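# Inside the fold
What follows is the residue order along each chain.
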Amino acid sequence: MYSLSFSIHLPLLLTFAALYHVGLADSHIGRAHNRIHRSGTVDVEKRAVVSGPWSLAQQGTTGVSGMQLAVVSENTAIIYDKVEHNPLTVNGHVAWAVEVNLDTKTVRALNPLSNSWCATGSFLGNGTLVNSGGNPVVITGQNGLQGIRMFTPCSDGRCDVFEDPSHIHLTSNRWYPSSVRLEDGSIMIFGGSVGGGYINSAGINNPTYEYFPSKNINGFNGVRIPSQFLRDTLNGNHFPIMAYLPDGRIFVAANRAAMILDWKTNTETRLPGIPNGVRITSPFSAGATLLPLTPENGYTPEIMICGGSTVSDSVSPSTLSSQTPASAQCSRLVLTTAGIAAGWKVESMPQARVMPELVLLPDGRVFIVNGLKQVLLGTVANRVGQSNADNPAFTPVVYDPAAPAGSRFSSTGIPATNIARIYHSTASLTPNGTIMLAGSNPNNDVTTTKYPTEYRYTLCTIL
């Protein structure tokens, strides 16, 4: 499960972070790239890359583990966890959501009603964060499989998560769905399962999507809309990768396949498959981002997907090992007629990763962080504590899409962390240009065994 993937897991974090890529007045990164003409107009250099050492500093603790993370205002972020025995409490029960003040480094417990484990999230056009789907009851709270949790940020510290399960809920159960914001300010919630399981299958698949708020569109009035793509991509298609494109269509990738979805006509256009048989969605999760849309490239959309696995999605996990290697593959596809005909361009990261986060930086580079060098799949024969994978990727990597091929990846000047951020870890750009890292919890409940439930959060920035 992601953070973000809020993806939320992934599209949410990166889309929201993109809102801050212009005019970061207090950021080292933002200040470094502007040049002012005598006319007073501001231009952005074509190749404006900040150099120098990076810092990686622990800032405090979050009280709940950072399974899902989103920046919701200039100085606050929200974290959702699953329901577990966290040290922070609210209203007499364990807390599983908090608001983090990025200035004061303090947290405030929030009080969602239902279990947000395995949920997704996106923003409505008015800035309200909608966290949807989830998990049945664990310990306390309500069933979250049809949950819709809304949080509208405030400046007085009095806002909380709003839920009304009797009147506001999804049309069906969704475990491990994804979501994306549309141009009209609404949200599409896509895929998932109707019940739990480490991987999807025909018996629990929910091969549909829906809107929030609901729509009357293409003959479907407020009900689920079928997707053949979600049938064809079984089994490993939890948390599909989604990216909203400049022409209003949606890029979608799951398992080893990709498509462009025209939601206005409910038309699926298949794209070339992911190269070399690499699976890129949960439980083989890769990271993904749209590369920068700039005047120089004519605002041409290009997707990049890094990491994943070539392991079969029908094999029994008990036949695998916690040492089964992940993939180091990064693939780029230009989403134009000519780019699609040319196919995916493949590169390799310095180290393999599954469940990495790709954060688009204000200077147009991509920060690759978190994850494992081994595949995390079901219950393997030689678990490490309660983790089904070993060997965290401790050193972040910066990818420069404009650099010559063969010299785009670098970890120069970036310190390695000593905090394993694996399953249920997150990362997001913050408004001042720093990158917030949080979470990690491959455990059924809070534990201090190897790869423990992680409450520390870290900020990474260029000095």
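Up top is the structure.
All of the points below concern the structure found in this document. (Residues numbered from 1 in each chain as written. Predicted model: local features only at pLDDT ≥ 70, side-chain atom pairs only at ≥ 80, totals over all residues. Heavy atoms only, no water.)

## Points about the overall build of the protein
Counting its secondary structure elements, the protein contains 4 helices and 33 strands. The buried share of the protein, reckoned over its 463 residues, is 59%. Surface accessibility of the protein: about 16900 Å² in total, with carbon and sulfur atoms responsible for 51%. (Helix = DSSP H or I, 4+ residues; strand = E, 2+ residues; numbered from the N terminus. Buried < 20%, exposed > 50% of the residue type's maximum accessible area, 1.4 Å probe, protein only. Areas by Shrake-Rupley, 256 points an atom, 1.4 Å probe, with all protein chains shown as cover.)

## A short note on the packing of aromatic side chains
Within the structure shown, the criterion is met by 8 aromatic pairs. Seen from their ring centres, Trp175 and Tyr176 are 5.2 Å apart, and the 65° between their planes marks the pair as edge-to-face. Across the pair, exposure class does not vary: Trp175 and Tyr176 are buried alike. Feature note: the residues Trp117, Trp175, Tyr176 and Phe239 constitute an aromatic cluster, connected by ring pairs. The lysine or arginine in question, Lys215, covers the ring of Tyr211, its NZ or CZ lying 5.3 Å from the ring centre. (Phe/Tyr/Trp six-rings, centres within 6.5 Å; stacked < 30°, edge-to-face > 60°. Lys NZ or Arg CZ within 6 Å of the ring centre and 35° of its normal.)

## Some details on the sheet that holds strand E13 (residues 178-181)
An order of E13-E14-E15-E18 is seen for the 4 strands of this open sheet, with the pairing classed as antiparallel. In the strand order of this sheet, the two ends are held by E13 and strand E18 (225-226), each with one partner. Summarising the sheet, strand E15 (residues 208-212) and E18 pair through 2 bridges and their orientation is antiparallel. Paired with Thr208 across the strands is Pro226, a residue of E18. (Pairing = 2+ DSSP bridges.)

## Focus: the pairing of strand E22 (residues 267-270)
Examined bridge by bridge, strand E21 (residues 257-262) and E22 share 4 bridges and lie antiparallel to one another. Counted as the bridge partner of Ile260 is Thr269 from E22. Linking two consecutive strands that pair antiparallel, namely E21 and E22, is a turn of 4 residues; a positive phi of about 55° is found at Asn266 within it.

## Quick word on unusual backbone geometry
Across the junction of Leu234 and Asn235, the peptide omega takes the value 10°, indicating a cis bond. The residue Asn235 is located in the loop between helix H3 (228-232) and strand E19 (241-244) in this model. Even without being a glycine, Cys118 presents a positive backbone phi close to 70°. Within the secondary structure, Cys118 is located in the loop between strand E9 (106-109) and strand E10 (120-123).

## Considerations on the pattern of salt bridges
Under the definition given, this model contains 12 salt bridges. Put simply, Asp184 and Lys215 hold a salt bridge, and the shortest N to O gap is 2.5 Å. Placement of the pair is Asp184 in the loop between E13 and strand E14 (187-190) and Lys215 in the loop between E15 and strand E16 (216-217), with a sequence separation of 31 residues. Assessed through its relative accessible area of 16%, Lys215 is described here as buried. For Arg408, the salt bridge identified is with Glu347, shortest N-O distance 3.2 Å. Taken together, the positions of Arg408 in the loop between strand E29 (397-399) and strand E30 (409-410) and Glu347 in strand E26 (residues 345-348) put the pair 61 residues apart, joining distant regions of the chain. Considered together, Arg408 and Glu347 belong to a single accessibility category, that of buried residues. Through salt bridges that share partners, Asp232, Glu268 and Arg270 make up one connected network. (Salt bridge = Lys/Arg side-chain N within 4 Å of Asp/Glu carboxyl O.)

## Re the state of the cysteines
Disulfide: a covalent bond formed between the sulfur atoms of two cysteine residues. One pass over the structure, following the stated rule, counts 2 disulfides. The side chain of Cys154 participates in a disulfide bridge whose partner is Cys159; the two sulfur atoms lie 2.1 Å from each other. Across the disulfide from Cys154 to Cys159, rotation about the S-S bond amounts to roughly -75°, and the bridge is consequently left-handed. Judged by its relative accessible area of 25%, Cys154 is partly exposed. Here Cys306 connects covalently by a disulfide to Cys330, the sulfurs 2.0 Å from one another. An S-S torsion of about 115° defines the bridge between Cys306 and Cys330 as right-handed. One end of the pair, Cys306, is in strand E24 (residues 302-306); the other, Cys330, is in strand E25 (residues 329-334), and 24 residues separate them in sequence. The exposure class of Cys306 is buried, given its relative accessible area of 0%. Disulfide connectivity for the protein, with bonded cysteines indexed by sequence position, reads 1-2, 3-4. (Disulfide = S-S within 2.5 Å.)

## With respect to the sheet that holds E26
Taken in spatial order, the 4 strands line up as E23-E24-E25-E26 in an open sheet, and their pairing is antiparallel. Of all the strands in the sheet, just strand E23 (287-290) and E26 have a single pairing partner and so form its edges. For this sheet, the mean angle separating the axes of adjacent strands, direction not counted, is 20°. Pairing analysis gives 4 bridges linking E25 to E26, with the strands arranged antiparallel. Pairing of Cys330 across the sheet is with Glu347, part of E26. (Axes fitted to C-alpha atoms, helices over the stretch in contact; angles between N-to-C directions.)

## Brief notes about the nonpolar core
In this structure, Tyr176, Phe284, Val311, Leu372, Val375 and Leu377 are the most contacted members of the largest nonpolar core, which totals 26 residues. Filtering out sequence-adjacent residues up to four positions away, Leu372 remains in contact with Ala326, Ala352, Arg353, Val354, Ala389, Asp390, Asn391, Pro392, Ala393, Ile422 and Tyr423. (Core = buried A, V, L, I, M, F, W, Y, C linked by side-chain atoms within 4.5 Å. Contact = heavy atoms within 4.5 Å.)

## Overview of the environment of Ser214
With respect to the secondary-structure elements, Ser214 resides in the loop between E15 and E16. The class for Ser214 is exposed, based on a relative accessible area of 55%. Each C-alpha atom, one on Ser214 and one on Ile187, is 8.9 Å from the other, the two residues being 27 residues apart in sequence.

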